[in-house]
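Letter by letter, the chains look like this.
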Amino acid sequence: MRSGLVGQRTAVGNQIRGFFLSAASPCAKELETETPPAASEATAAQAEAGTTLEQPSSPQLPKSARRALPAHLPARDVVHAPSCACPVCGREMRKVSEDVTEILDYIPGHFEVVRHVRPAFSCRRCESMAQSHMPSLPIERGQAGAGLLAHILVSKYCDHVRSTTSPAFTRAKAWSSTAPRWRPGSAKSRRSPRPWSKRLPAEKLHVDDAPVPVWAPGMGKTKRLWVYLRDERPFGGRAPPAVVYRYSPDRKAEHPRAQLAHFDGFLQADGYSGFGPLYQAADRQPPSVTEVTCWAHVRRYFYDIHVTTNAPIAGEALQRIGNLYVERTAIKLSPEQRQRIRQSVARPLIDDLATFLDASLAMISGRSELAKAIRYARSRWAALTRYLDDGTLEISNNAAERAIRPLALGRKNYLFAGSDAGGERAAAAYTLIETAKLNSPDPQAYLREVIDRIADHPINRVAELLPWNIGLASPIRAAA
Ligand SMILES: [Zn+2]
């Protein structure tokens, strides 16, 4: 069933592009202006800044939306000069004027003003005029450079600071007339009609989900963010790690089912019953999603009983499950080596554990918490022991739980579902930033590069901007 995987892996870049499109587009645009500044508003900003109103030289870049940035900031000129030869007659041209566009940028440690200088040349002979176009900016009418936007995104999604209270944003707001309008909440997601799982080829995905609090009462059920993680680092696989976050307005089983359409492989998850139909769906094409579950979840059940009741059976179960983590010596080994260790060491331990649990269940009340924990484990035994036979699988779903952790920190600070669109934007931002973190020691440098390039990047080649294609990714690191 997984025979086509080599081909799939080589096509990672191609097939994954939609994932990047849906993640990167709203994110790069996340801080875009809430509404394009109306002419009157721009005029007011000009008047307030004490500058004169000029006719914009380019319809895409009305200079009226900007005001001069503080003179005390270090400034760097980037000159965009046209050819010195007249495009009409070929004679030498002379400079007659120049346009300057100031952008506020952030380089880790300090702000700087980037002055885009565009001299206008006139031909000495035929008087033709020439001037270079202004390069595309991350925010068309804004004053924010790629480095500043990357810094604000990282402050919010990595450091969990509300974007509007981050020190960089606060200072930028004091200096830039356009900063107050960089509020998240405006960009419309470019949603791809094709399910992302078709474009994130993986033979195994870790999945988990987390609640997103509702901002206003009466908005209905708790919203969810789902996490789908591809991580082959523990067995030295070649596919780069990637994580996709998806939003849904509730926790119905139809969401993972739709999100995983076209996925064919192992699905490692906790015991959430909503995944059940995926494992059984006979009408599904392709039909083969194989359940792998998580020993850490089983262990947690026995641990909770052990600390509250100190039951000897729970204690012994904990001890026996702990012994399975011979696993730790299998990190970075090949799938075949991992499988051999598991077969020779873990298999006999697990067989004994099954006997022990069955014998214990016969001796205790069927209604006890301990009996429930034993039944939870024994009813999932095939999925719990599947990792013994395949060295590409993991003993636990901890990788997905690590990917969920930033959401818990975000919830404390800024993350809530004010609207479904907001939930989808948060999912896209986490997808981009957490995938960058998995691949690069410096996600801010990566984001800066992407934000800088995405406006002019051909949409059909957006996969080139993925962390592992852009040339900034670090060598594959072992899973923590
Ligand atoms: Zn000329």
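Procedures and definitions
- Residues numbered from 1 in each chain as written.
- Predicted model: local features only at pLDDT ≥ 70, side-chain atom pairs only at ≥ 80, totals over all residues.
- Helix = DSSP H or I, 4+ residues; strand = E, 2+ residues; numbered from the N terminus.
- Buried ≥ 20, exposed ≤ 12 C-beta atoms within 10 Å, placed from the backbone.
- Contact = placed C-beta atoms within 7 Å.
- Pairing = 2+ DSSP bridges.
- Axes fitted to C-alpha atoms, helices over the stretch in contact; angles between N-to-C directions.
- Core = buried A, V, L, I, M, F, W, Y, C linked by C-beta atoms within 7 Å.
- Parallel < 35°, antiparallel > 145°, perpendicular 65-115°, else oblique.
- Left-handed = near helix turned anticlockwise from the far one by under 90°.
- Nonpolar A, V, L, I, M, F, W, Y, C, P; charged D, E, K, R; others polar.
- Expected span 1.5 Å × (residues − 1).
- pLDDT = per-residue confidence, 0-100.

J.: What is the right way to read the overall build of the chain from this model?
T.: Across its full length, the chain holds 16 helices and 9 strands. Counting over 480 residues, the chain shows a buried share of 39%. Pairs at least 24 residues apart make up 72% of the contacts formed inside the chain by residues separated by at least 6 positions.

J.: Even after reading the chapter, I still don't get the environment of Ser 344, so can you show me in this structure?
T.: Structurally, the position occupied by Ser 344 is in helix H11 (residues 335-363). Residue classification places Ser 344 among the exposed residues on the basis of 10 C-beta atoms within 10 Å. Ser 344 sits 44 residues away from Leu 388 along the chain, and the two C-alpha atoms are 9.6 Å apart.

J.: Quick question: what am I supposed to make of the environment of Glu 102 here?
T.: Following the sequence through the fold, Glu 102 ends up in strand S2 (residues 93-107). Through-space distance from the C-alpha of Glu 102 to that of Gly 145 is 9.5 Å; in sequence the pair is 43 residues apart.

J.: In this structure, what is going on with the sheet that holds strand S8 (residues 265-268)? I would like to understand it.
T.: Think of a sheet as strands paired side by side through backbone hydrogen bonds, with each pair either parallel or antiparallel. Strand order in this open sheet of 5 strands is S7-S6-S5-S8-S9, and the pairing throughout is mixed. Of all strands in the sheet, those bounded by a partner on one side alone are strand S7 (242-248) and strand S9 (289-292). Within this sheet the neighbouring strands show an average axis-to-axis angle of 25°, counted without direction. By the bridge criterion, 4 bridges tie S8 to S9 in an arrangement that is parallel. If you follow Phe 266 over to S9, its bridge partner there is Thr 290. Contacts from helix H15 (residues 420-439) reach strand S5 (204-212), strand S6 (223-230) and S7, with the element oriented near 170° to S7.

J.: Sorry if this is basic, but what is going on with the nonpolar core here?
T.: Core analysis: the biggest nonpolar cluster contains 90 residues, and Leu 153, Leu 225, Val 227 and Val 243 have the highest contact counts within it. Looking at this core, the element that brings in the most residues is H15, giving 9 residues. If sequence neighbours within four positions are ignored, Leu 153 has contacts with Ala 429, Ile 433 and Leu 447.

J.: For this particular structure, what's the right way to read the packing of H15 against helix H16 (residues 443-454)?
T.: A packed helix pair is summarised by two numbers, namely the angle formed by the two axes and the spacing between the axes. Axis separation between H15 and H16 bottoms out at 9 Å; the angle between their running directions is 125°. Regarding the angle of H15 to H16, the classification is oblique. Relative to H16, the crossing made by H15 is right-handed. On H16, the residues that touch Ile 433, Ala 436 and Lys 437 of H15 are Pro 443, Tyr 446 and Leu 447. A class-by-class count of the residues in the contact of H15 with H16 yields 5 nonpolar, no polar and 1 charged.

J.: Even after reading the chapter, I still don't get H16, so can you show me in this structure?
T.: Because each turn of an α-helix spans 3.6 residues, side chains separated by three or four positions end up pointing in the same direction. Between its first and last C-alpha, H16 extends 16 Å over 12 residues, near the 16 Å set by a 1.5 Å rise per residue. For H16, the complete set of buried residues consists of Pro 443, Tyr 446, Leu 447, Arg 448, Val 450, Ile 451, Asp 452 and Ile 454.

J.: Any chance you could explain unusual backbone geometry here in plain terms?
T.: Trans peptide bonds make up the majority, and among non-glycine residues the majority have a negative phi. One non-glycine residue, Glu 127, adopts positive backbone phi at about 70°. Mapped onto the fold, Glu 127 is located in the loop between strand S3 (110-123) and strand S4 (129-131). For Asn 310, which is not glycine, the phi torsion reads 55° and is therefore positive. Examined against the element boundaries, Asn 310 turns out to sit in the loop between helix H9 (295-309) and helix H10 (312-323). Exposure remark for Asn 310: the 9 C-beta atoms within 10 Å place this residue in the exposed category.

J.: I keep staring at the confidence of the model for the chain and nothing clicks. Help me out?
T.: For residues with low pLDDT, the predicted coordinates do not support detailed interpretation. On average, residues of the chain carry a pLDDT of 76, and 72% of them reach 70 or more. Between residues 1-64, whose pLDDT stays under 50, and residues either more than four places distant or in other chains, the model counts 124 contacts. Segment residues 473-480 is flagged for pLDDT under 50; beyond a separation of four residues in sequence, or across chains, it makes 16 contacts in the model.

J.: What should I look at first to understand the pairing of S7 in this one?
T.: Walk down a regular strand and you will see the side chains alternate between the two sheet faces. The buried fraction of S7 is high, at 7 of 7 residues. The two faces of S7 match: Ala 242, Val 244, Arg 246 and Ser 248 on one face and Val 243, Tyr 245 and Tyr 247 on the other face are all buried.

J.: What am I meant to see in helix H5 (residues 146-157) here?
T.: Between the first and last C-alpha of H5 there are 16 Å, a value that for 12 residues agrees with the 16 Å anticipated at 1.5 Å per step. In terms of burial, H5 is a largely internal element, 11 of the 12 residues being buried. Packing partners of the buried residues in H5 comprise S2, helix H6 (167-175), H15 and H16.

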